[in-house]
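What the coordinates show
Read off the chains here:
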Amino acid sequence: MGQNSGHQERGKKPELALSETMEAEAEVQSNKDEAKELKAKERRLTSVFGVADLKNGAIGLYNLGQSCCLNSLLQVFLMNLHFTGILRRITVPPCAAQRSSNVPYQMLLLLEEMQRGKRKAVRPTELACCLSAHRVELFVQHDAAQLFLRLWNLIKKQMKKLELVEELSDLYTICIQEHLACQNCSFEIKNNSCMLTLPLPVLDSNSHRLKTLEDCLQYFFHPEELTGQNMCFCQQCGMKTPFLKRMKLVYLPQTLTIHLKRFCFEKSSYTHKLSHYLPFPRDLDFSGVLTENQCQADDKEKATWQYGLFAVVAHSGSASCGHYCAYIQSLTECKWYCFNDSQVCQVSWDDVKCTYGHSNLHWGETAYLLIYMKKHPQQPYPGLSECLGKL
């Protein structure tokens with residue numbers, strides 16, 4: 001009987017030990033699941049917030065040598081939550097050589113370094129070397145509008161996922177209808193084209209200064225008579241005839257980039273800067289600025305054409321020697337920051353308005369690129385993909 005009792009006791013101990021082990025393993029697994037959920041939550045959090053909106057604050061970029069233009073544009077890209085949301089979903093290149101030459105991946109590494117570190121600024125060295133491999137010159141002065149196009153095209157070209165390419169295009173691409181009408185007959189040509197920036201002249205055809213951004217917009221979409229040497233060949237008339245050229249707005253993206261054509265090219269190949277005063281609004285409603293004849297969109301599309309200013313890339317100095325910085329509004333904090341290479345500070349709207357320009361201030365800052373953000377996002381324009389190949 002004692003033996004039986006002893007056998008029963010020995011049989012119970014492994015069962016007890018097994019039960020305790022299972023509970024311990026269950027607790028460990030629960031902790032792992034919680035840790036995974038926490039990491040997933042952190043990933044979701046960092047995919048939503050931008051550079052200046054994590055606990056580390058706004059981070060600057062060291063100047064590598066005449067890289068102020070590149071630094072300013074990188075800050076505008078990486079502070080855009082819509083863009084970083086796309087960037088974080090790219091396909092990571094499989095080998096080291098491909099990763100070092102992939103612009104989107106290097107931008108993602110830079111973004112993570114800016115958000116992870118506690119330094120006031122980081123060096124975009126690897127990204128700069130990557131761009132150099134794609135024939136983007138370093139240690140030279142760049143034009144911000146031209147460099148923006150170079151960067152955007154490299155990013156788009158190297159994104160492997162088709163859905164991300166489409167999202168990137170929807171995010172930045174403007175659709176315009178070009179309309180040509182013969183003045184001698186009823187022959188017409190209509191063509192939709194896409195552009196990444198809206199290039200607005202700051203002078204009219206008589207070299208008179210346009211006074212406001214709204215004036216620049218109306219002038220850009222104003223009908224133009226093509227006469228004399230500018231006449232076009234009419235297929236119906238069988239000869240060159242006077243034409244009327246109209247530009248009509250079809251689609252505006254979530255992130256709208258306006259290029260103020262401040263640099264004037266003379267016939268003598270001399271370039272000079274137009275620094276005159278040109279105010280721009282904090283809020284911009286295109287449907288209130290343009291007439292019905294300047295729009296080729298339905299009421300539903302035009303209802304989304306309400307924008308708030310997100311960033312200003314400003315230029316100081318002359319056409320031959322200058323400096324860029326960026327004023328950017330945090331989309332989560334609603335605070336304005338000035339990103340001047342490694343120096344970042346919070347500023348007011350009055351500071352941003354100082355970029356309106358002043359003809360008598362040679363080194364005064366003047367806005368060169370204006371980046372507006374749509375207040376009410378909409379579905380992508382269905383005809384956008386048809387004209388993207390013309391970029």
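Residues numbered from 1 in each chain as written. Predicted model: local features only at pLDDT ≥ 70, side-chain atom pairs only at ≥ 80, totals over all residues. Heavy atoms only, no water.

A tally of regular secondary structure across the protein chain gives 13 helices and 18 strands. Residue burial in the protein chain is summarised as follows: out of 391 residues, 46% are buried. Summarising the internal contacts of the protein chain: among those between residues at least 6 apart in sequence, 68% fall at separations of at least 24. Accessible surface for the protein chain amounts to roughly 20700 Å². Of this, 51% is attributable to carbon and sulfur atoms. (Helix = DSSP H or I, 4+ residues; strand = E, 2+ residues; numbered from the N terminus. Buried < 20%, exposed > 50% of the residue type's maximum accessible area, 1.4 Å probe, protein only. Contact = heavy atoms within 4.5 Å. Areas by Shrake-Rupley, 256 points an atom, 1.4 Å probe, with all protein chains shown as cover.)

The subject of this paragraph is helix α5 (residues 103-116). Taking 1.5 Å of rise per residue, 14 residues should cover 20 Å, and α5 covers 20 Å from first to last C-alpha, within 8% of that figure. Taken across its 14 residues, α5 has 10 buried, putting it largely inside the fold. What α5 keeps buried is the set Val 103, Pro 104, Tyr 105, Gln 106, Met 107, Leu 108, Leu 110, Leu 111, Met 114 and Gln 115. You can read the cap of α5 off the contacts: a side-chain oxygen lies 2.9 Å from the backbone nitrogen of Tyr 105, and it is on Asn 102. (Expected span 1.5 Å × (residues − 1). Polar contact = N/O pair within 3.5 Å; in protein donor to acceptor, adjacent residues only side chain to side chain.)

Inspection of the entire model under this criterion finds six salt bridges. With a shortest N-O distance of 2.6 Å, Arg 89 and Glu 167 are connected by a salt bridge. Here Arg 89, found in the loop between α3 (81-87) and α4 (96-100), pairs with Glu 167, found in helix α8 (residues 162-172); they are 78 residues apart in sequence, far enough to count as distant. Overall, the relative accessible area of 36% leaves Arg 89 in the partly exposed class. For Glu 167, a relative accessible area of 29% translates into the label partly exposed. Between Lys 302 and Glu 292 there is a salt bridge; the shortest N-O distance is 3.1 Å. Placement of the pair is Lys 302 in helix α11 (residues 299-302) and Glu 292 in the loop between α10 (286-289) and α11, with a sequence separation of 10 residues. For Lys 302, a relative accessible area of 9% puts it in the buried group. Each of Glu 292, Asp 299 and Lys 302 takes part in one network of salt bridges that share partners. (Salt bridge = Lys/Arg side-chain N within 4 Å of Asp/Glu carboxyl O.)

We now examine the packing of helix α2 (residues 68-78) against helix α7 (residues 144-158). Here α2 crosses α7 at 55 degrees, and the two axes come no closer than 10 Å. When the interaxial angle is binned, α2 and α7 end up oblique. The way α2 lies across α7 gives a crossing that is right-handed. Side by side, α2 and α7 meet where Cys 69, Leu 70, Leu 73 and Phe 77 of the first sit next to Ala 144, Leu 147, Phe 148, Leu 151, Trp 152 and Ile 155 of the second. Among the residues making up the contact of α2 with α7, the classes are represented as 10 nonpolar, no polar and no charged. (Axes fitted to C-alpha atoms, helices over the stretch in contact; angles between N-to-C directions. Parallel < 35°, antiparallel > 145°, perpendicular 65-115°, else oblique. Left-handed = near helix turned anticlockwise from the far one by under 90°. Nonpolar A, V, L, I, M, F, W, Y, C, P; charged D, E, K, R; others polar.)

Moving on, we get to the packing of α7 against α8. Between α7 and α8, the shortest axis-to-axis distance is 10 Å and the interhelical angle comes to 155 degrees. On the basis of their axis angle, the class for α7 and α8 is roughly antiparallel. Contacts between α7 and α8 pair Phe 148, Trp 152, Ile 155 and Lys 156 from the former with Val 165, Leu 168, Ser 169 and Tyr 172 from the latter. Considered class by class, the residues forming the contact of α7 with α8 number six nonpolar, one polar and one charged.

This model, assessed by the stated rule, comprises 13 aromatic pairs. With centroids separated by 4.8 Å and ring planes inclined at 85 degrees, the aromatic side chains of Phe 280 and Tyr 356 adopt a geometry described as edge-to-face. With a gap of 76 residues between them, Phe 280 in the loop between β12 (271-273) and β13 (283-285) and Tyr 356 in the loop between α12 (349-353) and β18 (365-374) connect regions that are remote in the sequence. For the pair shown, Phe 280 and Tyr 356 are each scored as buried. The structure contains a cluster of three or more aromatic residues connected by ring pairs, namely Phe 77, Phe 83, Phe 148 and Tyr 172. (Phe/Tyr/Trp six-rings, centres within 6.5 Å; stacked < 30°, edge-to-face > 60°.)

In this section: the confidence of the model for the protein chain. Confidence along the protein chain averages 85 in pLDDT terms, with 80% of residues attaining 70 or more. When the criterion is pLDDT under 50, residues 1-16 qualifies, and its contacts beyond four places in sequence or with other chains add up to zero contacts. Note that pLDDT drops below 50 for residues 41-56; the model gives that stretch 36 contacts with residues more than four away or on any other chain. (pLDDT = per-residue confidence, 0-100.)

Of note, Cys 334 is a non-glycine position whose phi angle comes to about 60 degrees, a positive value. With respect to the helices and strands, Cys 334 occurs in the loop between β15 (322-329) and β16 (336-340). Here the phi dihedral of Asp 341 falls at roughly 55 degrees; this positive angle occurs in a residue that is not glycine. Along the chain, the position of Asp 341 falls in the loop between β16 and β17 (343-347). We classify Asp 341 as buried; its relative accessible area is 11%.

This part covers helix α9 (residues 213-220). Listed as buried for α9 are Leu 213, Cys 216, Leu 217 and Phe 220. One face of α9 carries all of its buried residues, which in axial projection span an arc of 100 degrees. In the core, the buried residues of α9 are packed alongside β5 (198-201), β9 (243-251), β10 (255-261), β13, α10 and β18. (Arc of directions from axis to C-beta.)

Further remarks concern the environment of Asn 71. When you line up the elements, Asn 71 lands in helix α2. Distance from Asn 71 to Asn 340, taken between C-alpha atoms, is 8.3 Å for residues 269 residues apart in sequence. Apart from residues lying up to four places away in sequence, Asn 71 is in contact with Leu 61, Tyr 62, Asn 63, Pro 124 and Asp 341.

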